[in-house]
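Remarks on the overall topology
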Amino acid sequence: MAAPASAPADSRSRPAVRDVVFVDGVRTPFGKAGSKGIYAETRADDMVVKVIRELLRRHPELPPERIDEVGIAATTQIGDQGLTIGRSAALLAGLPKSVPGFAIDRMCAGAMTAVTTIASGIAFGAYDVAIAGGVEHMGNHPMGEGVDPNPRYVSDKIVDPSALIMGSTAENLHDRFPTLTKERTDAYAALSQQRYDDALQAGKISPDLVPVSTRSAEQGWGLATADEPPRPGTTAEALAGLKTPFRPHGRVTPGNAAGLNDGATGCLLADAETAESLGLPVGMRLVGYAFAGVEPEVMGVGPVPATEKALERAGLSIDDIGLFEINEAFAVQVLAFLEHFGISDDDPRVNPWGGAIACGHPLASSGVRLMTQLSRHFAEHPEVRYGITTMCIGFGMGGTVIWENPNYNAGGEQ
């Protein structure tokens, strides 16, 4: 007979769950993917280096050797996005060689998953301070490059073939919910462009952007200081006539969906006590998070069950949420979320500075953009206590993170 297992350790030896805080976040300007985009001749790992160095430059109170981990997401982990990019970018950025790093992938929610994975480590006591982020150079690595889907997905009818094409899943979402019309998605897309431009003109976007030196055979050396994708002045009427590439006479167009983009994001996370001891600012406190699976054919509905799951586990309801940062992979996916929760298409709490339809969606990097913007909204809105960042994820998933405003004024009105 095997010897009995040893008794569990005394509970006093187990680390207490610690509060996790979002200190700060930055990103590169987002570019258009392709030979004419601003990053056509820029490496993905160099974009991550820019983000890491900028975080350290903005926070000289943080000794680099205090960073316990660097987690960087990329959907296509080959070429300049390979070689365990969290570790390689940390070395290239000049962090001490004692600082480890890793790469992670959850498609569009890569950076979001880097944050939740590292945050769990901080809560457990494995890390005190860490960097999380993501990068996608879709010009160097188009979506799906090098993948080899198992033929059984289709032959065994595990998924419909449309599940492998994100634009087709958005068309399926229109089919599933007929009230989500093309007119509504075009109107929402125009609103996203307008809100982004209003925020840009008000000086709210640029402070989070890290200038990136660029080089082009045609243009020579340059400096990327602004997002390339936005189309100010876009109207719903102008969007109405765009082609529908995923289905003849469809509803999804380049105007009501995010484009193909290049860019990187990064943020500093810490436990609350360490942040206080080092004098690090606190932008948000993590409340909870959840990921959920849905039918891959309608992956855009993923944020709905993920949000319901996160709210239930946190003991909150949708009515407790005062600000929403929802990734705009497709306008129809945002509207599916809003309609489910009874929120109007133009609710001012939703993406107040516009979203990915305007500024771009470099896949694995976008989660931290949402978080960085939410933290800025919190600073401007002490009457709001809770906010969420949420996004749909390819192949039928959704992810939601709930945050608390450290500036919350209990005496204010939400």
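Basis of the calculations
- Residues numbered from 1 in each chain as written.
- Predicted model: local features only at pLDDT ≥ 70, side-chain atom pairs only at ≥ 80, totals over all residues.
- Heavy atoms only, no water.
- UniProt positions renumbered as here; feature names shortened; annotations may be inferred.
- Helix = DSSP H or I, 4+ residues; strand = E, 2+ residues; numbered from the N terminus.
- Rg over C-alpha atoms; globule rule 2.2 N^0.38 Å.
- Buried < 20%, exposed > 50% of the residue type's maximum accessible area, 1.4 Å probe, protein only.
- Contact = heavy atoms within 4.5 Å.
- Lys, Arg positive; Asp, Glu negative; His and termini not counted.
- Charge placed at Lys NZ, Arg CZ, Asp CG, Glu CD.

Taking an unreviewed UniProt entry as the reference, the protein is identified by name as Thiolase family protein belonging to Saccharopolyspora oryzae. UniProt, in its Sequence similarities (unreviewed entry) section for the protein, records the words "Belongs to the thiolase-like superfamily. Thiolase family."

**A word on the overall build of the protein**
Helices and strands together make up the secondary structure of the protein, namely twelve helices and twelve strands. Against the 2.2 N^0.38 benchmark of 22 Å for 414 residues, the protein shows a C-alpha radius of gyration of 21 Å, consistent with a compact globule. Seen along its three principal axes, the alpha-carbon backbone of the protein occupies a region of about 65 × 60 × 55 Å. Per-residue burial over the protein gives 54% buried out of 414 residues. Considering only contacts in the protein between residues 6 or more positions apart, those separated by 24 or more positions represent 80%. The distance from the centre of the 34 positive side-chain charges to the centre of the 50 negative ones in the protein is 3 Å.

**Things to note about helix H2 (residues 85–92)**
Of the positions making up H2, those classed as buried are Ile85, Gly86, Ser88, Ala89 and Ala90. Structurally, H2 contributes buried residues whose contacts are with helix H1 (44–58), strand S3 (70–73), strand S4 (101–104) and strand S5 (129–137). Among the residues trailing H2, Gly94 stands out with phi positive, at a value near 90 degrees.

**Let's talk about unusual backbone geometry**
Peptide bonds are trans in most cases, and residues, glycine excluded, mostly fall at negative phi. Here the phi dihedral of Lys157 falls at roughly 55 degrees; this positive angle occurs in a residue that is not glycine. In this structure, Lys157 sits in the loop between helix H4 (152–155) and helix H5 (166–176). Its relative accessible area of 74% is what places Lys157 among the exposed residues. Positive phi, normally seen in glycine, also occurs at Phe395, with a value near 70 degrees. Positionally, Phe395 belongs in the loop between strand S11 (386–393) and strand S12 (397–404). Taking the relative accessible area as the measure of exposure, Phe395 reaches 26% and is therefore partly exposed.

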